[in-house]
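Structural features, examined
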Amino acid sequence: MSIYLGVDAGGSKTHAVITDAQGRVLGKGVSGNGNHQLGKDRAERNIRQACEDALKEAGLTQEDIKIAYFGLAGADREPDYVILRPMIASLGFKRHYITCDTIIGMRAGTSQFNGAAIICGNGFNSAARNTKGDELQYGGFGFTFGDGFAGGSGLSTLAFRAVIRAWDERGPKTMLTDLVLEHMQGDSVEAIYEDVLYERRNVPSDLVKTLFTAASQGDQVAIDILEREGAEMGNAVTALIRRLNMTEEQFDVVYIGSVLNKGTSPHLTDAIERVVKSQAPNACCVHLQSDPVAGAILSALDMDGVKLDAETEAKLKSLTV
């Protein structure tokens, strides 16, 4: 019987799952931060702990695992892989693969090996993988490195900025003013302006919620922000699609993260889809509904050439850790 390990190592939690090729879960493990950029030694300990706990629950050892597949937050560029390759090799799995966590999130949201993904939670990232297994990503390193203001924190900054511009008359009036004041519990725009200016408080990262509320009520300022940043997210992912020669292929673009999956107005995703359709007309944008660790297991099976039926794939996508 062939046994597989999938690992999703993020900035707050690391999930490990062991299954067989029929989708039966044999063991699970959970630990803390697995992003080496937030502390290499701690990340290594947590990844090891999650794997060992899953092995213990399954009654197995590293030698029993045919393929281990690791989706790692912080696996962004070659200098990261210089650190990660020996770290993961030291875990003792004879055949293992490493990729960024965006790719396993993509695989969890589609029935194909190839595809693309956009992450928009507190931050932003995008990645794509073609049928040959070639992968590219944009690391989401911020405006200085070519990104828009996508990501919850960036969109929150844009909401706050719109309120300031309406207040000092550099910009149009907006429903965001009342929504932001309520959210930040401020008595006036001047008061929150000074609080942030003099570093008594920060712009809250969940202020992005006010953009969706205002947009759903027809506020043009909020709609413009969401449409502009949605177009930039679409631009990021389609640039990857072009670079991987995927423009004529059929595949899914998977939405990952709370901003894309819990927004209360469609303006952001509509803008993404307009750009995607213009560049990759056969692509379909879909929402992630599974735990990303399912994508790690599915990728391990893909690497072994296992062809799953729809029932088994659905079973794996329904797993939780």
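I will try to describe carefully the structure that is included in this document.

**Things to note about the sheet that holds strand β3 (residues 25–31)**
Strand order in the open sheet made by the five strands is β3-β2-β1-β4-β5, with mixed pairing throughout. Two strands bound the open sheet, and with one partner strand each, they are β3 and β5 (96–100). Ignoring which end each strand starts from, the neighbouring axes of this sheet average 15° apart. Strand direction decides the pairing type here: strand β4 (residues 67–72) and β5, joined by five bridges, are parallel. Bridge pairing in β5 links Y69 to Y97.

**Notes on empty space enclosed by the protein**
Taken as a whole and assessed by the stated rule, the structure comprises one cavity of 30 Å³ or more. Looking at the largest cavity, its volume works out to about 30 Å³. In this structure, the largest cavity is lined by R48, C51, E52, Q62, L91 and F93. Of the residues assigned to the lining of the largest cavity, the class counts are three nonpolar, one polar and two charged.

**Thoughts on a nonpolar patch on the surface**
Residues W167, Y193, L197 and Y198 make up a contiguous nonpolar surface patch of about 420 Å² in total accessible area. With respect to the helices and strands, L197 occurs in helix α6 (residues 189–197).

Thresholds applied
- Residues numbered from 1 in each chain as written.
- Predicted model: local features only at pLDDT ≥ 70, side-chain atom pairs only at ≥ 80, totals over all residues.
- Heavy atoms only, no water.
- Pairing = 2+ DSSP bridges.
- Helix = DSSP H or I, 4+ residues; strand = E, 2+ residues; numbered from the N terminus.
- Axes fitted to C-alpha atoms, helices over the stretch in contact; angles between N-to-C directions.
- 1 Å grid on protein atoms, 1.4 Å probe; cavity = no way out; pocket = protein on both sides within 12 Å on 5 of 7 lines; lining within 4 Å.
- Points joined across faces, edges and corners; volume = space filled by probe spheres on them.
- Nonpolar A, V, L, I, M, F, W, Y, C, P; charged D, E, K, R; others polar.
- Patch = residues over 30% accessible without salt bridge, like charges linked within 9 Å, V, L, I, M, F, W, Y side chains within 5 Å.
- Areas by Shrake-Rupley, 256 points an atom, 1.4 Å probe, with all protein chains shown as cover.
- Salt bridge = Lys/Arg side-chain N within 4 Å of Asp/Glu carboxyl O.

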